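Breakdown of the fold
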Amino acid sequence: LRLAGAALIAAAVFVIDTFTPLSSAVAVLYVLVLLLVGEELPGRRLWVVTLACAAMATISFAFAHGEDVELAPTLRLMVSLAALGVAAFLTGRNLAAREILQAQARLLDVTSDAIFIRDAQGSVTFWNRGAERLYGWTRDEALGQDAHRLLATALPAPSEEIAALVARDGAWQGEVGQRRKDGAPLVVLSEWILERDETGAHALLERNTDISD
């Protein structure tokens, strides 16, 4: 559906840009094609689509203006091509970053420890297979839940005190009481690692090892 929608958008932009007297930079709308399907097109395919859109914009320009090239239409074409290039670059960079995150997530998924990530509000955003085995909740059941409420977490110190240590040191480790889905109590060695991005937003990776025995 996305590919079909992108093709229809590209065709519509081409027809409007070629056969109507609109003076605006209509070709810049080819960016919508990249926004719609760019993240589904890895590597060379993304640039093939980008070059195809750029070629369509250039063909429309040549058809509409022929040899009578004026400065204003030429500048509009340059703006449209530049927008396409920037959109393709940013989409490609986002794809590369997503592939790295997916590779890291696969590594976290195969470890035997229970690992989950929670956001600044405490909601679970990642839940590995080790967590499924240890706690009994599936990934779908855990995602979006408040982690400590879900696991009935009993901390060895007030949560505000531990949060202050994590904010200061970027990490914390200690023994924590928790419960499985079936109500069975657990004691885990818990390690918290704070991650911040360039905007200041943070996520907390929690790695728990069952030491109940």
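The structure contained in this document is the topic of the report that follows.

Calculation notes
Residues numbered from 1 in each chain as written. Predicted model: local features only at pLDDT ≥ 70, side-chain atom pairs only at ≥ 80, totals over all residues. Heavy atoms only, no water. Pairing = 2+ DSSP bridges. Helix = DSSP H or I, 4+ residues; strand = E, 2+ residues; numbered from the N terminus. Axes fitted to C-alpha atoms, helices over the stretch in contact; angles between N-to-C directions. Contact = heavy atoms within 4.5 Å. Core = buried A, V, L, I, M, F, W, Y, C linked by side-chain atoms within 4.5 Å. Buried < 20%, exposed > 50% of the residue type's maximum accessible area, 1.4 Å probe, protein only. Patch = residues over 30% accessible without salt bridge, like charges linked within 9 Å, V, L, I, M, F, W, Y side chains within 5 Å. Areas by Shrake-Rupley, 256 points an atom, 1.4 Å probe, with all protein chains shown as cover. Salt bridge = Lys/Arg side-chain N within 4 Å of Asp/Glu carboxyl O.

**Here's the deal with the sheet that holds strand β4 (residues 185-196)**
The strand order β2-β1-β5-β4-β3 describes an open sheet built from 5 strands, whose pairing is antiparallel. Whereas interior strands pair on both sides, the edge strands pair on one side only; in this sheet they are β2 (124-127) and β3 (171-179). Neighbour to neighbour, the strand axes of the sheet diverge by 25° on average, direction disregarded. In this structure, strand β1 (residues 114-118) lies alongside β2, joined through 3 bridges in antiparallel fashion. Among the inter-strand pairings, I117 is bridged to a residue of β2, identified as F126. Together, β3, β4 and β5 (202-210) form the strand contacts of helix α8 (residues 159-169), whose direction differs from that of β3 by roughly 145°.

**Things to note about the nonpolar core**
By size, the foremost hydrophobic cluster in this structure holds 21 residues, and its most contacted members are F116, W127, Y135, L151 and V166. Breaking this core down by element, the ones donating at least two residues are β1, β2, α5 (129-135), α7 (147-150), α8, β3 and β4. Among the elements that make up this core, the one with the highest residue count is β4 (4 residues). Ignoring any residue separated from it by four or fewer positions in sequence, one finds Y135 in contact with A114, F116, W127, L151, Q178, R179, R180, K181, L186, V188 and N208. Counting residues in hydrophobic clusters, the runner-up holds 20 residues, among them Y30, A54, L84 and A88.

**Quick look at a nonpolar patch on the surface**
Together, W47, V86, F89 and L90 make up an exposed nonpolar region whose accessible area comes to about 390 Å². It is helix α4 (residues 71-110) that provides the largest number of residues to the nonpolar patch, a total of 3 residues. Its place among the elements puts W47 in helix α3 (residues 44-65). You can call W47 partly exposed: its relative accessible area is 41%.

**Considering the pattern of salt bridges**
For the structure shown, the criterion picks out 7 salt bridges. Note that R207 is salt-bridged to D113, the shortest N-O span being 3.0 Å. Note that R207 is positioned in strand β5 and D113 in the loop between α4 and β1, a separation of 94 residues in sequence. A salt bridge links R118 to E206, with the shortest nitrogen-to-oxygen separation between them at 3.0 Å. On the criterion of sequence distance, the pair formed by R118 in strand β1 and E206 in strand β5 is long-range, its members being 88 residues apart. Both residues of the pair, R118 and E206, belong to the buried class. Connected through shared salt-bridge partners, D113, E191 and R207 make up one network.

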